[in-house]
Amino acid sequence: MNVSRLVKQAQRGDKEALVQLIISQQDAYYRLAYSYMKNEHDAMDAMEDMIVTLYEKLDQLQKGESFYSWSKTILVNRCKTLLRKKERFLPVGDEQEPSLAALSDENPFRNSESEYDMQVLLTHLNERQREAIELRYVHDLPYQTIADMTGTPIGTIKSRISKSIQKLRSIIGGDRDENDRGQITGAQ
């Protein structure tokens with residue numbers, strides 16, 4: 001699929017070209033939205049809003065090959081806006097974190113014990129660190145895209161990820177020195 005060609009067609013009014021672009025990445029969009037919204041309904045709402053924004057602002061995109069990073073940035077921003085609105089209207093008593101059982105019932109992408117463990121580990125990170133780790137390692141986005149999506153300098157993103165990894169290593173006991181690693185792997 002030639003993304004640049006489809007973007008040009010969509011910019012000229014070809015709605016089918018825009019649909020093709022969106023459908024080819026629909027699972028990635030959903031996973032990204034779900035990682036922010038934490039439930040299917042809100043993730044789908046954010047995706048719908050993203051599609052409307054893409055349709056309205058597609059003519060502003062300069063480089064067709066940047067479509068996916070641009071659209072994911074729009075999706076992340078929409079998720080954050082919806083979350084801010086939602087926080088303003090949270091009823092008292094709904095402020096607690098969802099249980100692991102609730103996570104397994106709602107998210108079709110969470111299906112193994114190690115994924116539950118990872119979610120528990122990520123709760124030890126602050127919001128910005130967790131976002132950087134999830135965007136990099138769950139959604140496999142490059143540092144520059146993460147920086148663009150979050151409006152944060154790339155050096156700050158790299159620093160957040162590095163500090164997060166160090167913190168997670170210390171929590172799970174992965175901060176052994178070189179001698180310990182050699183004994184574990186059998187290397188001399």
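It should be emphasised that the depicted structure is a prediction, and the values quoted were computed from it without experimental measurement. (Residues numbered from 1 in each chain as written. Predicted model: local features only at pLDDT ≥ 70, side-chain atom pairs only at ≥ 80, totals over all residues. Heavy atoms only, no water.)

Thoughts on the overall build of the protein
We apply this condition: Helix and strand assignments come from DSSP, with helices taken as H or I runs of at least 4 residues and strands as E runs of at least 2, each series counted from the N terminus. Accessible area is worked out with a 1.4 Å probe on protein chains only. A residue is then buried under 20% of its type maximum, exposed over 50%, and partly exposed in between. Pairs of residues are marked as contacts when any of their non-hydrogen atoms sit within 4.5 Å. Residue exposure ignores everything except the shown protein chains as possible cover, and the areas themselves are Shrake-Rupley values with a 1.4 Å probe.
On a plain count of helices and strands, the protein comes out with 11 helices and zero strands. Each helix and strand of the protein, ordered N terminal to C terminal, gives the series α-α-α-α-α-α-α-α-α-α-α. Within the span of the protein, comprising 188 residues, buried residues form 35% of the whole. For the protein, contacts bridging at least 24 residues in sequence account for 59% of all contacts bridging at least 6. In the form shown here, the protein has an accessible surface area of approximately 11,900 Å², with 48% of it arising from carbon and sulfur atoms.

Considering helix H3 (residues 26-37)
Quick reminder of the rule: Here, expected helix span is obtained from the residue count minus one, scaled by 1.5 Å.
With 12 residues, H3 ought to run about 16 Å at 1.5 Å a step, and its terminal C-alpha atoms sit 16 Å apart, in line with that. Taken across its 12 residues, H3 has nine buried, putting it largely inside the fold. Along H3, the positions that sit buried rather than exposed are Ala-28, Tyr-29, Tyr-30, Leu-32, Ala-33, Tyr-34, Ser-35, Tyr-36 and Met-37. One or two positions beyond H3, positive phi appears at Lys-38, with a value near 70 degrees.

A look at the nonpolar core
Put simply, the rule is: Note on terminology: a nonpolar core comprises buried Ala, Val, Leu, Ile, Met, Phe, Trp, Tyr and Cys residues joined through side-chain atoms within 4.5 Å.
Membership of the largest hydrophobic core comes to 42 residues, with the highest contact counts inside it found for Tyr-29, Phe-67 and Leu-75. Leave out the neighbours within four places in its chain, and Leu-75 touches Tyr-29, Leu-32, Ala-33, Ala-46, Met-47 and Met-50.

Geometric descriptors of this kind do not, in isolation, establish any biological role.
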